[in-house]
Amino acid sequence: MSALSPTAPGTLSPTASRVLPFAAFVLLMALGSAWDTLASALPALASVDQGWLYPVRTTVAALLLAWLWRSYVELRPATAAPAGEWGLAVLLGAAVFVLWITVGPLLRMSSDAAPATAPALWTEGGAAAAAWLAFRLAGTALVVPLIEELFWRSFLMRRVDRDDFLNLAPAKASLMAVLVSSAVFALEHRELAAGFLAGLAYAWIYRRRGDLRMAVLAHAVTNAMLAAYVLATGRWDFW
């Protein structure tokens, strides 16, 4: 089905299916950035820790993915991927993690964009901390790789070249499309240089076999390793 073809009743277009989960996640992230302003206007919010917004946006994005799952044909390739491709995706994700913690701090959009100390929900401990961490890990290692690869690589990278992006084989995506999608992907992150290199890496493995699952796996490995690094070292500026 092309992006311009009619859709069945009650379903979303290919474009909307790939944009909606990502857009919902980003909008809720923006809500967190404006939390202090909202709390001053709505005193009832002042007693709510904004850290709970992460479980909320993870849940919303996960529910949208589940609702739209049948639309994601790029996650159901016709042929099985060899074991070596899965291993390559794992290695690529690990390499991007190393780039992230080494190159990342060299070019950041803002050095104080995130607190360098642990979130209040984590330092308080107990059941609240465990619940917050569970949602944080699920979001960063499972939900985010899916919504971002569906949006940045499957949709945007191919959409740069063709309106009916689903009809463009990933291997046929132009260099311009790869560079543009990777550059905009970098702007979503504080670590601009690392974000750009990560975008190139995930685009490369997607174009290699046309299997978006490889990009999702690589992205998931990067994020999972980064989560482990933050928890082990206390480098909360990476989260």
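A quick note: this is a predicted structure, and the numbers were derived from the prediction, not measured.

Caption draft 1: Fine view of the overall build of the chain. The helix and strand tally for the chain stands at nine helices and zero strands. In the chain, the order of α-helices and β-strands from amino to carboxyl end is α-α-α-α-α-α-α-α-α. Taking all 239 residues of the chain together, the buried fraction comes to 42%. Here the contacts in the chain between residues at least 6 apart in sequence split such that 75% fall between residues at least 24 apart. Carbon and sulfur atoms provide 69% of the accessible area of the chain, an area that totals close to 11,500 Å².

Caption draft 2: Broad picture of the pattern of salt bridges. All chains considered together, the criterion is met by nine salt bridges. Notably, a salt bridge pairs Arg213 with Asp211, separated by 2.8 Å at the nearest N-O pair. Arg213 gets classed as partly exposed once you look at its relative accessible area, which sits at 23%. You can call Asp211 buried: its relative accessible area is 3%.

Caption draft 3: Representation of helix 7 (residues 175-187) within the structure. With 13 residues, helix 7 extends 19 Å from end C-alpha to end C-alpha; this agrees with the ideal 18 Å at 1.5 Å per step. If you check which residues of helix 7 are buried, you get Ala177, Val178, Ser181, Ser182, Phe185 and Ala186. Take helix 7 and look down its axis: the buried residues cluster within an arc of 160°, on one side only. Turned more than 90 degrees away from the buried face of helix 7 sit Met176 and Leu187, all of them exposed. Lining the buried residues of helix 7 we find helix 6 (126-159), helix 8 (192-209) and helix 9 (212-233).

Caption draft 4: Here's a closer look at the confidence of the model for the chain. Averaged over every residue, the pLDDT of the chain is 89; residues scoring 70 or more account for 85%. Per-residue pLDDT stays below 50 along residues 1-6; that stretch engages in 13 contacts with residues further than four places along the chain or on separate chains.

Reading the values: the criteria
- What you see as residue numbers is a count from 1 along each chain, following the sequence as written.
- Selection of residues for local features in this predicted model requires a pLDDT of at least 70, selection of side-chain atom pairs for listing and counting requires 80 or more, and totals for whole chains, interfaces and linings are taken over all residues.
- Excluding hydrogens and water, the side-chain figures rest on all heavy atoms present in the structure.
- The helix and strand labels rest on DSSP assignments: H or I over at least four residues marks a helix, E over at least two residues marks a strand, and numbering proceeds from the N terminus.
- Buried means the residue's accessible area, taken with a 1.4 Å probe over protein chains only, is under 20% of the maximum for its type, while exposed means over 50%, and partly exposed covers the values in between.
- Any two residues whose heavy atoms approach within 4.5 Å at even a single point are treated as in contact.
- Using a 1.4 Å probe, accessible areas were evaluated by the Shrake-Rupley method; residue-level cover was limited to the displayed protein chains.
- Salt-bridge detection follows one rule: a side-chain nitrogen of Lys or Arg within 4 Å of a carboxyl oxygen of Asp or Glu.
- Expected span, for any helix, means 1.5 Å times one less than how many residues it has.
- Think of it as the arc spanned by the lines of direction from the helix axis to the C-beta atoms.
- pLDDT gives the predictor's per-residue confidence on a scale running from 0 to 100.

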